[in-house]
Amino acid sequence: IVTKDFFEELSDIKSSSFHYDAKCLGLYATDASLYQVVPIGVFIPTSEADLIAGVKIAHKYGVPILPRGSATSLAGQTVNNALVIDFTNHFDKILEINPDQRYAIIQPGVVRDTFNNEAKQFDLHYAPDPATSSRATIGGMIINNSSGTKSIKYGMSIDHVISMRVLLSDGSL
């Protein structure tokens, strides 16, 4: 249940930002779809430790969480009455591209075209190609199992994931 204590505890994570003002909630109430749902708050973690702490606080108070990338979804997947966790600001790094073994390790907020621009030098690419590839984050593409016009040849997002390190809604990895 959303209480004053919930807002205070999230606000106490000083190295990250938590917003629940009308302007911010309005910005995060929409995506590329027709839907508009005002979130409970917006959490923008700066580190894995802060992310885990924020998710644990949400779990403690029974507040649903909604991971969010660039909000390019067309069916309302990135709007809900939940704590929106924005991965585009600080979880947008390409950590490794291994051309010999043909894999990459990335954070969920990496934009698909940005990744492909880097991977091109190794003659690699992330094949799913939604119309919003210049803005769509790979984390969001994986969650939605994005595909695109070349999916018959290259497959969908699920076909390009070897493994994931996942944070569960209770805050455990």
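Quantities reported herein were computed from a predicted structural model and do not represent experimental measurements.

A. Structural detail: the environment of Phe 87. Relative to the elements of secondary structure, Phe 87 occurs in the loop between β4 (83–86) and β5 (94–98). We classify Phe 87 as buried; its relative accessible area is 12%. Spatially, the C-alpha atom of Phe 87 lies 5.0 Å from that of Gly 109, the residues being 22 residues apart in sequence. Residues contacting Phe 87, with those up to four places away along its chain left out, are Leu 51, Pro 67, Arg 68, Asp 92, Pro 108 and Gly 109.

B. Quick peek at the environment of Ile 105. Note on placement: Ile 105 falls in strand β6 (residues 103–106). Taking the C-alpha atoms as reference, Ile 105 lies 6.4 Å from Ile 94; in sequence the two are eleven residues apart.

C. The arrangement of the nonpolar core in detail. In this structure, Phe 6, Leu 10, Phe 18, Phe 43, Val 63 and Leu 83 are the most contacted members of the largest nonpolar core, which totals 17 residues. Going through the elements one at a time, α1 (4–11), α3 (48–60) and β4 are the ones with two or more residues in this core. Ranked by residue count, the leading element in this core is α3, at four residues. Ignoring any residue separated from it by four or fewer positions in sequence, one finds Leu 10 in contact with Phe 18, Phe 43, Gly 54, Ile 57 and Leu 83.

D. The arrangement of the packing of aromatic side chains in detail. This model, assessed by the stated rule, comprises seven aromatic pairs. Measuring from centroid to centroid gives 6.2 Å for Phe 6 and Phe 18, while their planes differ by 80 degrees, and the two rings are edge-to-face. A residue pair is termed long-range when its members are at least 10 positions apart, and Phe 6 in helix α1 and Phe 18 in strand β1 (residues 17–19) qualify at twelve residues. Grouping residues by exposure puts Phe 6 and Phe 18 together as buried. Look at Phe 18 and Tyr 20: their rings are 5.3 Å apart centre to centre, the planes differ by 40 degrees, and that puts the pair in the tilted class. Judged by relative accessible area, which is 12%, Phe 18 ranks as buried.

E. Inspection of the packing of α1 against α3 at higher detail. Two numbers describe how α1 lies on α3: the axes approach to 10 Å, and their chain directions differ by 170 degrees. By the angle between their directions, the pair α1 and α3 is classed as roughly antiparallel. Facing α1, whose interface residues are Phe 6, Glu 9 and Leu 10, α3 presents Gly 54, Ile 57, Ala 58 and Lys 60. Looking at the contact of α1 with α3 residue by residue, the class counts come to four nonpolar, one polar and two charged.

F. Seen up close, the sheet that holds β4. As summarised here, the arrangement of the four strands in space is β1-β2-β4-β3, forming an open sheet in which the pairing is mixed. With partners counted over all chains shown, the strands left at the sheet margins are β1 and β3 (65–68), one partner each. If you compare each strand with its neighbour and ignore which way they point, the axes differ by 20 degrees on average. Summarising the sheet, β1 and strand β2 (residues 41–44) pair through three bridges and their orientation is antiparallel. Note that in β2 the partner of Ser 17 across the bridge is Ile 44. Its contacts with the sheet put α3 on β2, β3 and β4, and the angle it makes with β4 is roughly 170 degrees.

Rules and cut-offs
Residues numbered from 1 in each chain as written. Predicted model: local features only at pLDDT ≥ 70, side-chain atom pairs only at ≥ 80, totals over all residues. Heavy atoms only, no water. Helix = DSSP H or I, 4+ residues; strand = E, 2+ residues; numbered from the N terminus. Buried < 20%, exposed > 50% of the residue type's maximum accessible area, 1.4 Å probe, protein only. Contact = heavy atoms within 4.5 Å. Core = buried A, V, L, I, M, F, W, Y, C linked by side-chain atoms within 4.5 Å. Phe/Tyr/Trp six-rings, centres within 6.5 Å; stacked < 30°, edge-to-face > 60°. Axes fitted to C-alpha atoms, helices over the stretch in contact; angles between N-to-C directions. Parallel < 35°, antiparallel > 145°, perpendicular 65-115°, else oblique. Nonpolar A, V, L, I, M, F, W, Y, C, P; charged D, E, K, R; others polar. Pairing = 2+ DSSP bridges.

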